[in-house]
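Observations on the model geometry
As a plain string of letters, each chain reads:
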Amino acid sequence: MKPKKRGINTICTHVGEVADTQFKGAVSPLFMSSSYAYEDVAVKRYPRYFNTPNQEALGRKIAALEEKEVGMLFGSGMAAVSACLLSFLHQGDHVVVQHDIYGGTYNFIVEEFEKYGISYDFSEGLSQEGFAAKINERTKVIYVETPSNPLMRIVDLEMINELAKAHGLVSMIDNTFASPINQRPGDFGMDIVIHSATKYMGGHSDICAGAVAASEAHMDTIWNFAKNTGGSLSDYTVWLLERSMKTMAIRVKAQNKNAKRMAKWLDAHSLIKKVYYPGLKSHSNYALAKKQMKGYTGMLSFELLPELDPKKFMKQLQLIKPSMSLAGVESTILSPAETSHALLTPEARAAQGISDGLLRFSVGIEEAKDLQVDISQALESVTKRQKIAL
Ligand SMILES: *Cc1c(COP(=O)(O)O)cnc(C)c1O
């Protein structure tokens, strides 16, 4: 099926699928071959060339979702991030990177770029000046991530695109937190859209994968690099991911709705100090989020009152599970101070706005009421143990 303009659930369910001409089965057959006949194909089919029938099928769905010409699957989000950055950055080049990006991407840049002779600067804040001040004559790429982790800050994509066009840069965005359902960066001119498909695209906490959507010209450059480094995804996982993505819009919309309810409820709670959710009018980037997003995601963060112990609170939760990852149909919670930002001093964390009582909440598809009951009983138990009057 050609990726023409269709409704979001139709794209998720059908676009890209491989027709089962032999048996007329309802879903794309799984082709596990790592060896294909070589006649009639300009580029030989091979899993590491990213062109097996299942890889191409899911690539078409991702392209349609992001309204880009082509999509490609990777073995992980980081395989996608690293392939995109390293295909456009050569020795002597420079990249401007948003300061509060995903920890894995930060580590990749800080630990690997020097040996390739690639220099980088992190933006100062998220304003136009904060990015523009870091662009120099060697800059080739501008790289952003919005909403960002864990405070759900929003970067103005129209502004980033203008900067990129004015300076001849390739613009890249990690669109993982939004998912293609809540944000389509191509609408604002962003060149390369990257996902950790481990998160909303997979959605069931059982797949590790990455995805990229871009123009054919940009993807040729990425493909040339990626076929040499070999970060392809197994066809079985590609096939499972296609299955997951059929329900992505339904899942994500349910998570958006739940998260908004939870954000409002937490915001009004006397034991919660602050809630960070771009769908709340009190969020500092609410207007921008409203302008460029179609939904506010299932991700939010909140701070307990400082006298409450976040570790004890998390221990008391029964339904909401502690988890390093996010975006599954099950609700999970994480303390950035203990995990993603554990290597920073409390002062350095505070400078980034991350208090030790901050908790990142990935809201699932359970009934919001049940999530509220779980949080209420955990808060009650902690206040009792700590002998804090409610
Ligand atoms: C998880 C994540 C990644 C990395 O993806 P993996 O699939 O774990 O390699 C990149 N960016 C963001 C925003 C993420 O949440």
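The structure this text deals with has already been given above.
Since the model is a prediction, treat every value here as computed from it, not as a measurement.

Our focus in this paragraph is helix α4 (residues 103–112). Those residues of α4 that sit buried are Thr105, Phe108 and Ile109. An end-on view of α4 places all buried positions within 90° of arc, on one side of the element. Contacts from the buried residues of α4 go to α3 (77–88), β2 (94–97), β3 (119–122) and β4 (139–145).

Now for the side chain of Ser331. Tracing the backbone through its elements, the reader meets Ser331 in the loop between β10 (321–322) and β11 (332–334). At a separation of 2.8 Å, a polar atom in the side chain of Ser331 contacts the main-chain amide nitrogen of Gly364. Reaching out from Ser331, the side chain makes a polar contact with the side chain of Glu366 at a distance of 2.7 Å. With residues up to four places along the chain from it excluded, the contact list for Ser331 reads Leu319, Ile320, Lys321, Phe361, Ser362, Val363, Gly364, Glu366 and Leu371.

Looking now at the sheet that holds β11. Taken in spatial order, the five strands make up an open sheet running β8-β9-β12-β11-β10, and their pairing is mixed. Each having just a single partner strand, β8 (272–276) and β10 make up the two edges of the open sheet. Both strand β9 (residues 299–304) and strand β12 (residues 358–362) contribute to a ladder of five bridges, which runs antiparallel. Within β12, the position partnered with Leu300 by the bridge is Phe361. The strands touched by helix α10 (residues 248–267) within the sheet are β8, β9 and β12, with β9 carrying the most contacts at an inclination of about 15°.

Let us now look at the pattern of salt bridges. Counted under the stated rule, the structure contains 14 salt bridges. We note a salt bridge from Glu67 to Arg184, for which the minimum N-O separation is 3.4 Å. Pair noted here: Glu67 is in the loop between α2 (53–66) and β1 (70–74) and Arg184 is in the loop between α7 (179–182) and β6 (192–196), with a separation of 117 residues, a long-range link. Using a relative accessible area of 42% as the deciding quantity, one classes Glu67 as partly exposed. Classification of Arg184 by relative accessible area gives buried; the value is 15%. Of the charged contacts in the structure, one is a salt bridge between Asp156 and Lys291, with a shortest N-O distance of 3.6 Å. Pair noted here: Asp156 is in the loop between β4 and α6 (157–167) and Lys291 is in helix α11 (residues 286–292), with a separation of 135 residues, a long-range link. Each of Glu67, Arg184 and Asp187 takes part in a single network of salt bridges with overlapping partners.

Reading the values: the criteria
Residues numbered from 1 in each chain as written. Predicted model: local features only at pLDDT ≥ 70, side-chain atom pairs only at ≥ 80, totals over all residues. Heavy atoms only, no water. Buried < 20%, exposed > 50% of the residue type's maximum accessible area, 1.4 Å probe, protein only. Helix = DSSP H or I, 4+ residues; strand = E, 2+ residues; numbered from the N terminus. Arc of directions from axis to C-beta. Contact = heavy atoms within 4.5 Å. Polar contact = N/O pair within 3.5 Å; in protein donor to acceptor, adjacent residues only side chain to side chain. Pairing = 2+ DSSP bridges. Axes fitted to C-alpha atoms, helices over the stretch in contact; angles between N-to-C directions. Salt bridge = Lys/Arg side-chain N within 4 Å of Asp/Glu carboxyl O.

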